[in-house]
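Summary of the model geometry
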Protein chains: 2
Amino acid sequence: MDPWTVVYEGFDPEQEALKEALCTLGNGYFATRGACFHADANGVHYPGTYLAGGYNRLRTEIAGRVIENEDLVNLPNWLVLKFRMDGGNWFDLMGVDILSYRQVLDLKQGVLTRDVAYRDPEGRETEWSERRLVHMAEPHLAAIELTITPKNWSGRMDVRSALDGQVLNGGVERYQNLSSHHLEPLETDPVDEETIFLRVRTSQSRVTIAQAARARIFDGDGRLDVHRETVQESGYIAQDMVMDLSEGKGVRIEKIVSLYTSRDHAIAECGLTSRKTVAGAGGFSELLRSHALSWKHLWQRFEMRFRIKPEHEDDHTAMILHLNLFHLLQTTSMHTMDLDVGVPSRGWHGEAYRGHIFWDELFIFPMLNLQMPEITRSLLMYRYRRLSEARKAAKAEGLKGAMYPWQSGSNGREESQSVHLNPKSGRWIPDNSRLQRHVNAAIAYNIYEYHACTGDTEFLSFYGAEMMLEIARFWVSTTTYNRGLDRYEILGVMGPDEYHDGYPDAERAGLNNNAYTNIMATWVLEKALKVLDILPEDRSRELCEVIDLDQKELDEWENISRRMRVVFHDDDIISQFEGYDQLEEFDWEGYSKRYGDIQRLDRILEAENDTPNRYKVSKQADALMLFYLFSAEELKHLFERLGYSFDSEIIPKNIQYYLQRTSHGSTLSRVVHAWVLTRSDRERSWRLCREALKSDYTDVQGGTTPEGIHLGAMAGSVNIIQEGYTGIEWRDDVLRFNPCLPEELDHLTMDIRYRGHSLGVHITQETLTVNNRRCAEKPIAVGYRDDVRELKAGKSQTFHL
Amino acid sequence: MDPWTVVYEGFDPEQEALKEALCTLGNGYFATRGACFHADANGVHYPGTYLAGGYNRLRTEIAGRVIENEDLVNLPNWLVLKFRMDGGNWFDLMGVDILSYRQVLDLKQGVLTRDVAYRDPEGRETEWSERRLVHMAEPHLAAIELTITPKNWSGRMDVRSALDGQVLNGGVERYQNLSSHHLEPLETDPVDEETIFLRVRTSQSRVTIAQAARARIFDGDGRLDVHRETVQESGYIAQDMVMDLSEGKGVRIEKIVSLYTSRDHAIAECGLTSRKTVAGAGGFSELLRSHALSWKHLWQRFEMRFRIKPEHEDDHTAMILHLNLFHLLQTTSMHTMDLDVGVPSRGWHGEAYRGHIFWDELFIFPMLNLQMPEITRSLLMYRYRRLSEARKAAKAEGLKGAMYPWQSGSNGREESQSVHLNPKSGRWIPDNSRLQRHVNAAIAYNIYEYHACTGDTEFLSFYGAEMMLEIARFWVSTTTYNRGLDRYEILGVMGPDEYHDGYPDAERAGLNNNAYTNIMATWVLEKALKVLDILPEDRSRELCEVIDLDQKELDEWENISRRMRVVFHDDDIISQFEGYDQLEEFDWEGYSKRYGDIQRLDRILEAENDTPNRYKVSKQADALMLFYLFSAEELKHLFERLGYSFDSEIIPKNIQYYLQRTSHGSTLSRVVHAWVLTRSDRERSWRLCREALKSDYTDVQGGTTPEGIHLGAMAGSVNIIQEGYTGIEWRDDVLRFNPCLPEELDHLTMDIRYRGHSLGVHITQETLTVNNRRCAEKPIAVGYRDDVRELKAGKSQTFHL
């Protein structure tokens, strides 16, 4: 199998939505869903086009109750390029005999193609072929090329090219009763012979969106002059082009589209700029050339080259790895750097979770830090801009510092729903997911790691440190002192495992002393104190003045960072939370038999009027997250600092304990488990890694991928290879490696960036070679375990493993 | 004189516009003019409030000819807080006897106060006192506090607090025939008992602007509940508050205002956010506290402490230095970093030059690089975002690469006027200033220097290098080869000296072989080639692919960088341009006698139907810019690379030659001349430095400062002290000093940042001490002339001079 193409043969109405999501094209500025071209009740359903970071709040009244939710914006649809023969109905895949159908996503060049041959009820055989791109170098441009060839007939064809602002958000079935109409029409204008223009505005957030589309028709290489008519409705403009086709002779239509919004930089006015841009844009093949060059450069940075030994050969791993990276780079690209957008858990690929920003960054940033840390920086700036909102949120709860929300939207306020629908029972269930305060630890962790990897002290000084200090302060304010134990506790929160949001039959939601939360809070306190040491004295003093932080408070941090409570059971099992040991064991076998797929046990149990809160059962890794984020040495340090003993033997014991009790109801779960097993069980790790890699490709949750890919799992699974199997760590100004390639891999080669250097890394089962490409910078220190060496520019170092 | 306050005693209608400009308050996001409160024909004239980077294109038809110009946006005026007694006329300074009037700008805290006592025609004596701030920590907030005390009467007072979107741009007299109406009304809303709200939109660029204002009245410390009435007109909303005053008892009105636009980050919608923000904002004294803390921190970074020896004591120097820094930091602040704004030549202080971006960065960035290089980075990003527009401009002229415009506005297109008005003759004169292509060299220089100072290779790699390469390519495309001389030439341009835009009686505008332009182009080529070496190999290769740059073209750069032509005359005078020696000497004495102030000789001569093009006379430093930007060593290298001999003795000869022939018609001129004399004539340098410092304070050009301060001169004059007298250079990874303090200075102490380090610098006439504050970074190399030493974190080095 070609590791650079995703190929779908045949048309299958059941599968189109999944193919659509997996073939979504984007460039960080906007994204458009890929392939679907099937009929719905109104004729043709065109998939969504989403604006990165464009949110709009909608109100729905259901039985007198007003539900407000902030949703990502489905842009006016620029994909409309439809045709009909001899004045009949517009082409509809469902109404013809499909002779052949092949859809290919070219990951190397970022181009989606479909080639279709069909016979219509009148017996006309026609071939059409489409290519599509969302430009990776010119983020405001996208293009479609459609070639239509009549195989056994001649006659008239109408082609319609439209910009359709009458679209609704309609991609997630369970949101169907909620309002879905985001756009208000403002203006339609037939600019010139070949160009149409549409201006709309989001109804609540009032972002003006302008699109211009230029359509040209070619007969061989020559331009075809055809009769055109403009169709205008409120929020909709189209150009109908009439042409005569001759048997066997194809015509080619190029539609070039530009998109600008009122939030864009360096423009006078978005409508003006979108017209100018489309007027000056090259043709499809010219755009394709520069687009493909951009992708070539992205792949030069991000590609991981490895060989699976012949006896373990499988078809998919390399291709899926590329697919996952492809979607990561379409969601958070170079173009994200200059926008105020975060990294949504489902990409800009679908409407699930409404484009909100969760904690997935924790799984994504490590990937970016080693290749294009500027993207991480911009995504951390997204958080920084929402620091004051996080401060307000903490204050509103009677806490201090900054409390970032579990689901963050336009302005950084909490967008988590308070009820959610169980599709299995049809009931609306209270949703306590906002109690996942651990998202704050993830943000602090990401800041610290970004700085450690890049050495970007300016960022830390201006932005990062302030966030870390305010998050540390938040954690302190969440603690209560348990006098009996002389320990600090964090009560009433949720860990990453969403099966547990409280104690069975308890009145209040939330759990006490979630181990992951408590340890992360401890880590944040220690590192926040360290950050004050890293910064120049004057800047540290300044920051303390700005946020009114005195030595007494710092002493309290130091104290709490040494006295946080962690609960254990069965000797040395880290209790996921206090009281975990009191829960019942779950009947895995019985439920598996009864339900088959039990990844979403929460829904199954709720439909049975039961709750996972009663059982030792996890949706995803929770306590094990600690082994994911920290090396054994770091954990030993953290536990011993707290006055708990830590023997590295407890690691496999804990992994084993929780793995047996996890349903992998989150796509992130396999990522974590594959990672924590890298050293103790390489074979199982590699198996889980491959499963994690293909979570979306196979729609492992049976229906969630069509609502948007899972970016945390996509990036996290790739990062098992980039960082897990290589054992890369950047601590104390040394870039350390500790490779443990799976047996199945012959070698692994990749390029990484570290503190401004470009390094080539080559790992086999026996050796590690790091090559420092020419760069007018000081040497860096690289190490394999304790063997630390100086690596000068232009030189390489080889370690024997 | 207190070096931290600007004090104006008394009210003088002639001086108010100057005071207004000098007391403008800003925070990088918006700026508001300060003090003016005098009557105009319509009652009260309120000064302008400008939005950083907010541009709007206006059309004017004059005698059938359409003039389009892009102008900075005068925001709705939020300053309106007026009062009247017993239902009489609104208070008007011109209609009362002023008993005392004192206006103070507190530079340390960023607060403007006015204290006025007056007697009205009815014999009532009243004192009022006003404090005003534009918040430096919360960029969307501003506040006024007005205290009114009836001295000898009791009675009713009405206070009106308004948001006035009916404003016009009216600050520059010679623009008065041009359209000046920027705002379209959208919405007025009395939000609640104490809050009013206004939404307007710029008419062409369609930026929505939302303001909310909250007014509270205090009687002593208690809140006063008064009757309020709302007044609404199209684009105007006010609240009239009625209160009873008792003799001797003051009331205090606080007006807190928030401003958001549709371009802001991290908001849902600007109207919603402006209401929420003003509702949650603290009172005046709370805002003042956090505002003053922000200024305290800015001053900790930017303050330069020096002592003028008692025998040379003068009143003004320290205060004016602070004033200049104050305006620099109000125009390009921390808040600029996250906006898409440039640094306008007149600040956001007035309407002259319409907020456009010129080459003044060249005089401003050196100041910022050593204190807050993040600001420079953001301002260079402003250029990067306009790279594609610069490419289009080059292409439109048949040139290659990127040609940045002389005057850059919203989207980076050329905004220079093609005619300008000579107020002396009343004639419209062709304006060829856009031929000042040297702005491109300034941008390249700024990129290179930023990187050299900060070591920010990520910026260079992603953004800076691409600009430098495209600018280098532009310069090559401007050259023509002179076979006879075997030299490359640049023809038909203007140098910095705007008195010369062509040869006398020539048909085409432009000069040939302007020395400054040619040498700068040479420098750009050399450094662009070097940048490709500095970057990692893979990134250089990538860049060359993106912009289609091959070895053949690079070889051409190398060749031209060694064969550019420089013209000399009188043996070793660098000719300002080819043919300069043929021009007539100018009758300086005669014209001085006849006109007194001859700084703007161009206007004088034009009014006499003559032109400065005929004379050896410069408006400002042109060839001497070379000595400003480069050390003797660097110039020697540049000239010798070109195959010209360079003896350092030519430096004073050239300085002397051109100084005699310069009218200082630009405020930048004295900056350059003070700088180039630092080593050869310290006394004269210090005199010129002091003159340069006070260019705006004294409105040296007689009328231009009221139209907006001159930011290049403000920053550049301060930088004579920061970099000129200290001889700071950052070359080849060494931070070098070469102090030559003016005799008049006892010592100079300042903090600088260099590659992430915080350094304390203390210079006396005998010693130089550099102290590396604690910072977890590697040591740096510091040097005094050839004495280069390693400076570790937490240590200091002292050199004896």
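Just so it is clear, the structure is predicted and the values come from calculations on it, not from any experiment.

With that out of the way, let us pick up the overall build of chain A. Looking only at helices and strands, one finds 20 helices and 35 strands in chain A. Taking 28 Å as the expected radius of gyration for a compact globule of 801 residues, we find that chain A reaches 27 Å, a close match to that expectation. Dimensions along the principal axes, computed over C-alpha positions, put chain A at roughly 85 × 70 × 60 Å. Relative to its 801 residues, chain A shows a buried fraction of 66%. The contacts in chain A between residues at least 6 apart in sequence include a share of 68% that link residues at least 24 apart. If you sum the accessible surface of chain A, you get close to 27800 Å²; carbon and sulfur atoms cover 44% of it. Averaged over its 93 positive side-chain charges, chain A has a centre that lies 3 Å from the centre of its 123 negative ones.

Attention now moves to the relation of the copies chain B and chain A. Screw-axis analysis of chain B against chain A gives a translation of 0.0 Å along the axis, an RMSD of 0.0 Å, and a rotation angle of 180°. Expressed as a symmetry operation, the mapping of one chain copy onto the other fits a two-fold axis. Among all residues of chain B, the minimum C-alpha distance to the rotation axis is found for B:R263, at 2.4 Å. Mapped onto chain A, 100% of the interface residues of chain B are again interface residues, and the two copies thus contact each other with one and the same surface.

This brings us to the pattern of salt bridges. A complete count under the given rule lists 141 salt bridges over all chains for this structure. Residues B:D189 and B:R275 are paired through a salt bridge, measuring 3.0 Å at the closest nitrogen-oxygen approach. You can see B:D189 sitting in strand 14 (residues 183-192) and its partner B:R275 sitting in helix 2 (residues 270-280), a full 86 residues away along the chain. On the basis of relative accessibility, which here comes to 22%, the residue B:D189 falls in the partly exposed class. Notably, a salt bridge pairs B:E397 with B:R437, separated by 3.7 Å at the nearest N-O pair. You can see B:E397 sitting in the loop between helix 7 (387-396) and strand 22 (419-422) and its partner B:R437 sitting in the loop between strand 23 (427-430) and helix 8 (439-454), a full 40 residues away along the chain. Bridged by salt links that share partners, the residues A:E187, A:D189, A:R199, A:E269, A:R275 and B:R206 form one connected network.

Residues and elements named next belong to chain A. Ordered in space as 8-13-19-18, the four strands form an open sheet in which the pairing is antiparallel. Unpaired on one side and paired on the other, strand 8 (81-85) and strand 18 (227-233) mark the two borders of the sheet. Taking each pair of neighbouring strands and ignoring which way they run, the sheet shows an average axis angle of 20°. In the sheet, strand 18 pairs with strand 19 (residues 236-245) via seven bridges, with the strands oriented antiparallel.

This part is about the nonpolar core. Core analysis: the largest hydrophobic core is formed by 448 residues, its most contacted members being A:F83, A:W359, A:W557, A:I721, B:F83, B:W359 and B:W557. When neighbours within four sequence positions are excluded, A:I721 is seen to be in contact with A:M304, A:F306, A:L321, A:W686, A:C689, A:L693, A:T726 and A:L748.

A common way to state how big an interface is: give the accessible area lost once the parts meet. Residue-level contacts link 62 residues of chain B with 62 residues of chain A. Taken over both partners, the interface formed by chain B and chain A buries close to 5500 Å², and the fraction arising from carbon and sulfur atoms is 43%. Run the count over chain B and chain A and you get 15 salt bridges. For B:K296, the salt bridge identified is with A:E545, shortest N-O distance 2.8 Å. Where the side of chain B that touches chain A is concerned, the elements lending two or more residues are helix 2, helix 3 (284-302), helix 6 (373-384), helix 9 (457-478), helix 10 (515-534), helix 11 (537-547) and strand 30 (745-754) of chain B. Looking at the side of chain B that touches chain A element by element, the count peaks at seven residues for helix 11 of chain B. Here the residues of the side of chain B that touches chain A sort into 19 nonpolar, 13 polar and 30 charged.

Now for the packing of aromatic side chains. Within the structure shown, the criterion is met by 83 aromatic pairs over all chains. An angle of 25° between the planes, with centres 5.3 Å apart, marks the rings of B:F363 and B:Y628 as stacked. On the criterion of sequence distance, the pair formed by B:F363 in helix 5 (residues 361-369) and B:Y628 in helix 15 (residues 625-629) is long-range, its members being 265 residues apart. For the pair formed by B:F363 and B:Y628, the shared burial category is buried. Members of the aromatic cluster, joined through ring pairs, are A:Y353, A:F358, A:W359, A:F363, A:W406, A:Y516, A:Y628 and A:W675. A cation sits over an aromatic face here: A:R124 above A:W153, 5.7 Å from the ring centre.

Once that is clear, we can look at helix 19 (residues 682-693) of chain A. Residue and element names in this part refer to chain A. With 12 residues, helix 19 should reach 16 Å at 1.5 Å per residue; the first-to-last C-alpha distance of 16 Å fits that figure. Among the residues of helix 19, those classed as buried are S685, W686, L688, C689, A692 and L693. Relative to the axis of helix 19, the buried residues are bounded by an arc of 165° and lie together on one face. On its buried face, helix 19 sits against strand 21 (304-308), helix 4 (317-331), helix 18 (667-676), helix 20 (711-724) and strand 30 (745-754).

This part takes up the confidence of the model for chain A. All names here are of chain A. In this model, chain A carries an average pLDDT of 93, and 98% of its residues clear a pLDDT of 70 or more. Note on residues 39-44: pLDDT under 50 across the span, and seven contacts to partners over four residues away in sequence or across chains. At the level of chain-chain contacts, confidence expressed as ipTM amounts to 0.95, with global pTM at 0.96.

The description of two helices packed together rests on the angle between their axes and the distance between the axes. Residue and element names in this part refer to chain A. The N-to-C vectors of helix 18 and helix 19 enclose an angle of 155°; their axes lie 8 Å apart at closest approach. In this view, helix 18 runs roughly antiparallel relative to helix 19, as classed from their interaxial angle. Here the hand of the crossing between helix 18 and helix 19 comes out left-handed. On the side of helix 18, the interface is formed by R670, V671, H673 and A674, while helix 19 contributes S685, L688, C689, E691 and A692. Looking at the contact of helix 18 with helix 19 residue by residue, the classes come out as five nonpolar, two polar and two charged.

Here we take up the pairing of strand 35 (residues 796-800) of chain B. Looking down a regular strand, the side chains alternate between one sheet face and the other. Residue and element names in this part refer to chain B. Here strand 35 shows one buried face, formed by Q797 and F799, and one open face, formed by S796, T798 and H800. Strand direction decides the pairing type here: strand 32 (residues 767-772) and strand 35, joined by five bridges, are antiparallel. What sits directly across from L768, in strand 35, is F799.

With that settled, the discussion passes to unusual backbone geometry. The backbone of A:D732 shows a phi angle near 50°, a positive value even though the residue is not glycine. Tracing the backbone through its elements, the reader meets A:D732 in the loop between strand 28 (729-731) and strand 29 (734-737). A residue is classified by how much of its surface remains accessible, and A:D732, at 62% relative accessible area, is exposed. Phi at B:A266 is positive, roughly 55°, even though this residue is not glycine. Within the secondary structure, B:A266 sits in the loop between strand 20 (251-261) and helix 2. Classification of B:A266 as buried rests on a relative accessible area of 15%.

Here the focus is the side chain of B:N69. Relative to the helices and strands, B:N69 is located in strand 7 (residues 65-74). Filtering out sequence-adjacent residues up to four positions away, B:N69 remains in contact with B:N56, B:R57, B:L58, B:L178 and B:R354.

So, about the sheet that holds strand 34 (residues 787-791) of chain A. Residues and elements named next belong to chain A. Ordered in space as 28-29-33-34, the four strands form an open sheet in which the pairing is mixed. Bordering the open sheet on either side are strand 28 and strand 34, each of which pairs with just one other strand. Averaged over neighbouring strand pairs, the angle between their axes works out to 30° when direction is ignored.

Our focus in this paragraph is the pairing of strand 9 (residues 97-106) of chain B. Residues and elements named next belong to chain B. Where strand 1 (residues 5-9) and strand 9 come together, five bridges link them in antiparallel fashion. By the bridge assignment, Y8 is partnered in strand 9 with Q103. Pairing of strand 9 with strand 10 (residues 111-119) involves nine bridges; the strand directions are antiparallel. Note that in strand 10 the partner of Y101 across the bridge is V116. Where strand 9 folds back onto strand 10 in an antiparallel hairpin, the turn is made up of four residues, including G110, whose phi is positive at roughly 70°.

Below, the discussion takes up helix 12 (residues 551-560) of chain B. Residues and elements named next belong to chain B. When we look at burial in helix 12, the residues that qualify are E553, L554, W557 and I560. Along helix 12, the residues classed as buried sweep out an arc of 125° about the axis, all on the same side. The outward face of helix 12, more than 90 degrees from its buried face, is lined by the exposed residues Q551 and K552. Considering only its buried residues, helix 12 is in contact with helix 9, strand 24 (479-482), strand 25 (487-490) and helix 10.

All names here are of chain A. Examined against the element boundaries, D158 turns out to sit in strand 13 (residues 155-164). For D158, a relative accessible area of 3% corresponds to the buried category. Placed 75 residues apart in sequence, D158 and F83 show a C-alpha to C-alpha distance of 5.4 Å. Not counting residues up to four positions away in its chain, the partners in contact with D158 are K82, F83, R84, G87, W90, M241 and V242. In terms of polar contacts, D158 uses its side chain to reach the side chain of R156, at 2.9 Å.

Conventions and cut-offs
Residues numbered from 1 in each chain as written. Chains lettered and ligands numbered in written order. Predicted model: local features only at pLDDT ≥ 70, side-chain atom pairs only at ≥ 80, totals over all residues. Heavy atoms only, no water. Helix = DSSP H or I, 4+ residues; strand = E, 2+ residues; numbered from the N terminus. Rg over C-alpha atoms; globule rule 2.2 N^0.38 Å. Buried < 20%, exposed > 50% of the residue type's maximum accessible area, 1.4 Å probe, protein only. Contact = heavy atoms within 4.5 Å. Areas by Shrake-Rupley, 256 points an atom, 1.4 Å probe, with all protein chains shown as cover. Lys, Arg positive; Asp, Glu negative; His and termini not counted. Charge placed at Lys NZ, Arg CZ, Asp CG, Glu CD. Least-squares fit on C-alpha atoms with pLDDT ≥ 70 in both. Salt bridge = Lys/Arg side-chain N within 4 Å of Asp/Glu carboxyl O. Pairing = 2+ DSSP bridges. Axes fitted to C-alpha atoms, helices over the stretch in contact; angles between N-to-C directions. Core = buried A, V, L, I, M, F, W, Y, C linked by side-chain atoms within 4.5 Å. Buried area = accessible area lost by both parts, 1.4 Å probe. Nonpolar A, V, L, I, M, F, W, Y, C, P; charged D, E, K, R; others polar. Phe/Tyr/Trp six-rings, centres within 6.5 Å; stacked < 30°, edge-to-face > 60°. Lys NZ or Arg CZ within 6 Å of the ring centre and 35° of its normal. Expected span 1.5 Å × (residues − 1). Arc of directions from axis to C-beta. pLDDT = per-residue confidence, 0-100. Parallel < 35°, antiparallel > 145°, perpendicular 65-115°, else oblique. Left-handed = near helix turned anticlockwise from the far one by under 90°. Polar contact = N/O pair within 3.5 Å; in protein donor to acceptor, adjacent residues only side chain to side chain.

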